[in-house]
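# A structural walkthrough
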Amino acid sequence: MKVHNAEIVISAVQPEQYPNTKLPEIALAGRSNVGKSSFINTLINRKGLARTSGKPGKTQTLNFYLIEEALHFVDVPGYGYAKVSKTERAKWGKMIETYITEREQLKAVVSLVDMRHDPTADDIQMYEFLKYYNIPVIVVATKCDKIKKNQWNKHESAIKKKLNFDPSDDFIVFSSETKEGKEKAWEAIEKYL
């Protein structure tokens, strides 16, 4: 998809705040520092629409981005090591779960994992959760530019094994630095629109 128009439309916490449209939605989930904002910015050819932060856990709401009046990207709070209380984390968990399990417009989830490391327990839990609810998953392995190319297959295999990856899902090797995987990511997303 060639993107000329993209804007953040709302940061929501409750279902009644979600945009009232029939547009398809693609959610983005991943650990706090996995590169969700960079992924969004790369896909929409913008530097700073989705704010990247040195502080993990910056996203604390569901951020809806309207892309080309055709779909919404929904950035969900990063899980993992944001320095927030257990109560706060439980609230995020509930907010994400409600959105993912109840939102009819949700067509697929892009699950981002860091290609340099094995998936965390949180990554595995998220993948299993999506599979349990029969939500299509696009696994995107970020930061591939930080690994030698001849090591990619090894890392990909390790990630797939850890996730117990379903071959019917898409797996994309991605870098926001080199734009590796950008076209593939759009192809995978467009299947659900």
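As named in an unreviewed UniProt entry, the chain is Probable GTP-binding protein EngB, taken from Vagococcus fluvialis. The Cofactor (unreviewed entry) comment attached to the chain in UniProt states, word for word, "Mg(2+)". What UniProt states about the chain under its Sequence similarities (unreviewed entry) heading is, verbatim, "Belongs to the TRAFAC class TrmE-Era-EngA-EngB-Septin-like GTPase superfamily. EngB GTPase family."

When helices and strands are tallied, the chain shows five helices and seven strands. In the chain, the succession of α and β elements from N to C terminus is β-β-α-β-β-α-β-α-β-α-β-α. On the principal axes, the C-alpha backbone points of the chain span a range of 45 × 40 × 35 Å. Residues classed as buried in the chain amount to 49% of the 193 residues present. Taking as baseline every contact in the chain between residues at least 6 positions apart, the subset at least 24 positions apart corresponds to 76%. Surface exposure of the chain reaches about 10100 Å², of which carbon and sulfur atoms provide 47%. A distance of 7 Å separates the average location of the 30 positive side-chain charges in the chain from that of its 25 negative side-chain charges.

Next up on the list: the pattern of salt bridges. Pairing is possible between side chains that carry opposite charge, provided their charged atoms lie close to one another. Evaluation of the coordinates by the stated rule reveals nine salt bridges. One salt bridge in this structure joins arginine 116 and aspartate 114, with 2.8 Å as the shortest N-O distance. The salt bridge involving aspartate 169 is made with lysine 131; its shortest N-O contact spans 3.0 Å. Of the two residues, aspartate 169 sits in the loop between helix H4 (152-163) and strand E7 (170-173) while lysine 131 sits in helix H3 (residues 121-132), which places them 38 residues apart along the sequence.

Buried residues dominate strand E5 (residues 106-114), accounting for eight of its nine residues. Relative to strand E6 (residues 137-142), E5 is paired through six bridges, and the arrangement is parallel. Its bridge partner lying in E6, leucine 112 is registered against valine 140.

Time to look at the environment of glutamate 7. Examined against the element boundaries, glutamate 7 turns out to sit in strand E1 (residues 6-12). Beyond its immediate chain neighbours, meaning those up to four positions away, glutamate 7 contacts Leu49, Phe64, Tyr65, Leu66 and Glu69.

This next bit is on the sheet that holds E6. The seven strands are arranged E1-E3-E4-E2-E5-E6-E7 in an open sheet whose pairing can be described as mixed. Each end of this open sheet is capped by a strand with a single partner; those strands are E1 and E7. Strand-to-strand twist in this sheet, taken as the mean axis angle between neighbours without regard to direction, amounts to 25 degrees. Both strand E2 (residues 25-30) and strand E4 (residues 71-75) contribute to a ladder of four bridges, which runs parallel. When the bridges of E4 are listed, alanine 27 appears paired with valine 74.

The rules behind the values
Residues numbered from 1 in each chain as written. Predicted model: local features only at pLDDT ≥ 70, side-chain atom pairs only at ≥ 80, totals over all residues. Heavy atoms only, no water. UniProt positions renumbered as here; feature names shortened; annotations may be inferred. Helix = DSSP H or I, 4+ residues; strand = E, 2+ residues; numbered from the N terminus. Buried < 20%, exposed > 50% of the residue type's maximum accessible area, 1.4 Å probe, protein only. Contact = heavy atoms within 4.5 Å. Areas by Shrake-Rupley, 256 points an atom, 1.4 Å probe, with all protein chains shown as cover. Lys, Arg positive; Asp, Glu negative; His and termini not counted. Charge placed at Lys NZ, Arg CZ, Asp CG, Glu CD. Salt bridge = Lys/Arg side-chain N within 4 Å of Asp/Glu carboxyl O. Pairing = 2+ DSSP bridges. Axes fitted to C-alpha atoms, helices over the stretch in contact; angles between N-to-C directions.

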